[in-house]
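So the chains spell out like this:
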Amino acid sequence: MRHPLRFTLCILALLWASPYVQAAEPPVLSDHAALAGLHEAKGLFLVNGNNPAQVARLLGVIAKTRKGLQAQKVTPHLIVVFIGPSVAFLTRDRRGIPYTEERAVADIQGEVQHLVTQGVRFQACGIALHGMDVSPPQLISGVEAVGNGFISAIAYQEKGYALIPVN
């Protein structure tokens, strides 16, 4: 006579050991090959967007980039230059910002303040500020007004910063 309990336990053991039944651990991703030999990394993010929700998400990715570099034992040196209409998201006076975008702008400003405490530098293009009728004193703390965001980007690239243009 067969032993149904032994047979059932045997089947359960086989199913448990099957790769189709077990939940596989997600692979641990790293940037080891790209970062091999590096102790420092310089990145320049050129932000030119008019959708505050997208800019807020982008700042979250920049925060993850900084954290990812540090986790992989590389010291990040990051600069974020806002050009175009995106400079309006960096002002204390939020005039001209629609009510429906207020939360996203608050998220942007909160993330900027957090990243500043983490050593990320922020700049706002003076030409864009003028075009948006914003004076430099209206910028939130931690954001430096520069004469021309493009000149800043060119100069930092000459100093070894990798350009990451984002819209």
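Residues numbered from 1 in each chain as written. Predicted model: local features only at pLDDT ≥ 70, side-chain atom pairs only at ≥ 80, totals over all residues. Heavy atoms only, no water.

> Give a description of the nonpolar core that names residues and reports values.
In this structure, Phe82 and Phe122 are the most contacted members of the largest nonpolar core, which totals 39 residues. Mapped by element, the contributors of at least two residues to this core are strand S1 (40-47), helix H3 (52-71), strand S2 (75-82), helix H4 (102-117), strand S3 (121-125), helix H5 (126-131) and helix H6 (149-158). Top element by residues in this core is H3. It accounts for six residues. Setting aside its immediate chain neighbours within four residues, Phe82 contacts Val47, Val55, Leu59, Val87, Leu90, Phe122, Gln123, Ala124 and Cys125. (Core = buried A, V, L, I, M, F, W, Y, C linked by side-chain atoms within 4.5 Å. Buried < 20%, exposed > 50% of the residue type's maximum accessible area, 1.4 Å probe, protein only. Helix = DSSP H or I, 4+ residues; strand = E, 2+ residues; numbered from the N terminus. Contact = heavy atoms within 4.5 Å.)

> Describe the confidence of the model for the chain, and please don't skip the residues or the numbers.
Per-residue confidence for the chain gives a mean pLDDT of 87, with 86% of residues at or over 70. A low-confidence stretch, residues 8-12 (pLDDT under 50), is modelled with zero contacts involving residues beyond four sequence positions or located in other chains. (pLDDT = per-residue confidence, 0-100.)

> Could you give me a rundown of the side chain of Gln123, with the residues and numbers involved?
Note on placement: Gln123 falls in strand S3. At 2.4 Å, the side chain of Gln123 and the side chain of Ser152 are in polar contact. Discounting chain neighbours no more than four positions away, the residues touching Gln123 are Ile79, Val80, Val81, Phe82, Val143, Glu144, Val146, Ser152 and Tyr156. (Polar contact = N/O pair within 3.5 Å; in protein donor to acceptor, adjacent residues only side chain to side chain.)

> Could you give an account of the packing of H3 against H4, naming the residues involved and the relevant values?
Two measures define how a pair of helices packs: the angle their axes make with one another and the distance between the axes. At their nearest, the axes of H3 and H4 sit 8 Å apart, and the two run at 20° to each other. In terms of orientation, H3 lies roughly parallel with respect to H4. Remark: the crossing between H3 and H4 carries left-handed chirality. Residues Pro52, Ala53, Val55, Ala56, Leu59, Gly60, Ile62, Ala63 and Arg66 of H3 pack against Ala104, Val105, Asp107, Ile108, Glu111, Val112 and Leu115 of H4. In the contact of H3 with H4, the residues fall into 12 nonpolar, one polar and three charged. (Axes fitted to C-alpha atoms, helices over the stretch in contact; angles between N-to-C directions. Parallel < 35°, antiparallel > 145°, perpendicular 65-115°, else oblique. Left-handed = near helix turned anticlockwise from the far one by under 90°. Nonpolar A, V, L, I, M, F, W, Y, C, P; charged D, E, K, R; others polar.)

> A description of H3 should follow, citing residues and the corresponding values.
Its 20 residues place the ends of H3 28 Å apart at the C-alpha level, agreeing with the 28 Å of an ideal helix rising 1.5 Å per residue. Every buried residue belonging to H3 is among Pro52, Val55, Ala56, Leu58, Leu59, Ile62, Ala63, Arg66 and Leu69, and all of these are buried. On an axial view of H3, the arc spanned by its buried residues comes to 160°, and they lie on one face. Exposed residues pointing more than 90 degrees away from the buried face of H3 are listed as Arg57, Lys64, Lys67 and Ala71. (Expected span 1.5 Å × (residues − 1). Arc of directions from axis to C-beta.)

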